[in-house]
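Analysis of the macromolecular model
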Amino acid sequence: GEKVEQHESTLSVREGDSAVINCTYTDTASSYFPWYKQEAGKSLHFVIDIRSNVDRKQSQRLIVLLDKKAKRFSLHITATQPEDSAIYFCAASKNNNNNAPRFGAGTKLSVKP
Amino acid sequence: GALVYQYPRRTICKSGTSMRMECQAVGFQATSVAWYRQSPQKTFELIALSTVNSAIKYEQNFTQEKFPISHPNLSFSSMTVLNAYLEDRGLYLCGARLSSQNTLYFGAGTRLSVL
């Protein structure tokens, strides 16, 4: 089955800098890659996703890149703010209703003022 | 917007007893519901995916005998943890989605403690 690895367990940046979180996956059939954010004591909140028909997607300060050859995808948060501090989870799944995403271990992002 | 409610938020049960948790989709029809567990210091493990009109698909290490799931309609799902022991502690999340989308929307979770 699919295994998702999230390379950075913790990441600390200064407010205004960019943060990059990297993930890899193993199943070449995976084609849907969502990102979620978990703030302290809260549940998973959907942030952004990318499908395998594109290699880049941007939503305001968030950019997701996908490299299908390397089976690697990343989340870039630009102009970070203290409220971006949270645990970010990447996930991967096949693009159909019979599959649910598998999650990486999470990256704890701290944005220092 | 899509909302998912989970009940109860927290629960404590005695070792060897069972505990049922519920998941309600509000504002949309949840044709698929995925149940996950986040054990202490771990990531979210997929327990099972339940899709209306299809068999429930359990992941390796999780069985119907231990985690029976009911998904009787497009807005409600429940899962029971049977004979709970210490290793079953954690945050149980349900994620629900529309048939036309891949995105799972998660509830706040049920935190299970076992004494």
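To keep things clear, this report deals only with the structure shown in the data block.

Rules of the game
Residues numbered from 1 in each chain as written. Chains lettered and ligands numbered in written order. Predicted model: local features only at pLDDT ≥ 70, side-chain atom pairs only at ≥ 80, totals over all residues. Heavy atoms only, no water. Pairing = 2+ DSSP bridges. Helix = DSSP H or I, 4+ residues; strand = E, 2+ residues; numbered from the N terminus. Axes fitted to C-alpha atoms, helices over the stretch in contact; angles between N-to-C directions. Disulfide = S-S within 2.5 Å. Buried < 20%, exposed > 50% of the residue type's maximum accessible area, 1.4 Å probe, protein only. Contact = heavy atoms within 4.5 Å.

1. Regarding the sheet that holds strand β3 (residues 19–25) of chain A
Residues and elements named next belong to chain A.
- Across the sheet, 5 strands lie side by side as β1-β3-β8-β7-β6; this open sheet has antiparallel pairing. In this open sheet, the two strands that pair with only one neighbour each are β1 (4–6) and β6 (56–59). In this sheet, neighbouring strand axes are inclined to one another by 15 degrees on average, regardless of whether the strands run parallel or antiparallel.
- Pairing of β1 with β3, which is carried by 3 bridges, proceeds in the antiparallel orientation.

2. Focus on the state of the cysteines
- The tally for this structure, following the rule as stated, stands at 2 disulfides over all chains.
- Residue A:C23 pairs covalently with A:C90 via a disulfide, S to S 1.9 Å. Looking down the S-S bond of the A:C23 and A:C90 bridge, the torsion is -100 degrees, so its handedness is left-handed. Of this pair, A:C23 sits in strand β3 while A:C90 sits in strand β9 (residues 86–92), and the two are 67 residues apart along the sequence.
- Residue classification places A:C23 among the buried positions, given a relative accessible area of 0%.
- At a sulfur-sulfur separation of 1.8 Å, the disulfide partner of B:C23 is B:C94. Because the sign of the S-S torsion sets the handedness, a value of about 65 degrees for the bond joining B:C23 and B:C94 places this disulfide among the right-handed ones. One end of the pair, B:C23, is in strand β3 (residues 19–26); the other, B:C94, is in strand β9 (residues 90–97), with 71 residues separating them in the sequence.
- Assessed through its relative accessible area of 2%, B:C23 is described here as buried.

3. Focus on the environment of A:A92
Residues and elements named next belong to chain A.
- As for its position among the elements, A92 is in strand β9.
- For A92, a relative accessible area of 0% translates into the label buried.
- For the pair A92 and V111, spaced 19 residues apart in the sequence, the C-alpha separation amounts to 26 Å.
- Setting aside residues up to four positions removed in sequence, A92 forms contacts with E2, V4, Y25, S30, Y32, F33, P34, A100, P101 and R102.

4. Structural notes on the pairing of strand β2 (residues 10–14) of chain A
All names here are of chain A.
- Across the two faces of β2 the burial differs, with L11 and V13 buried and T10, S12 and R14 not buried at all.
- Judged from the 5 bridges that link them, β2 and strand β11 (residues 107–112) form a sheet pairing that is parallel. In the strand pairing of β11, V13 is matched with V111.

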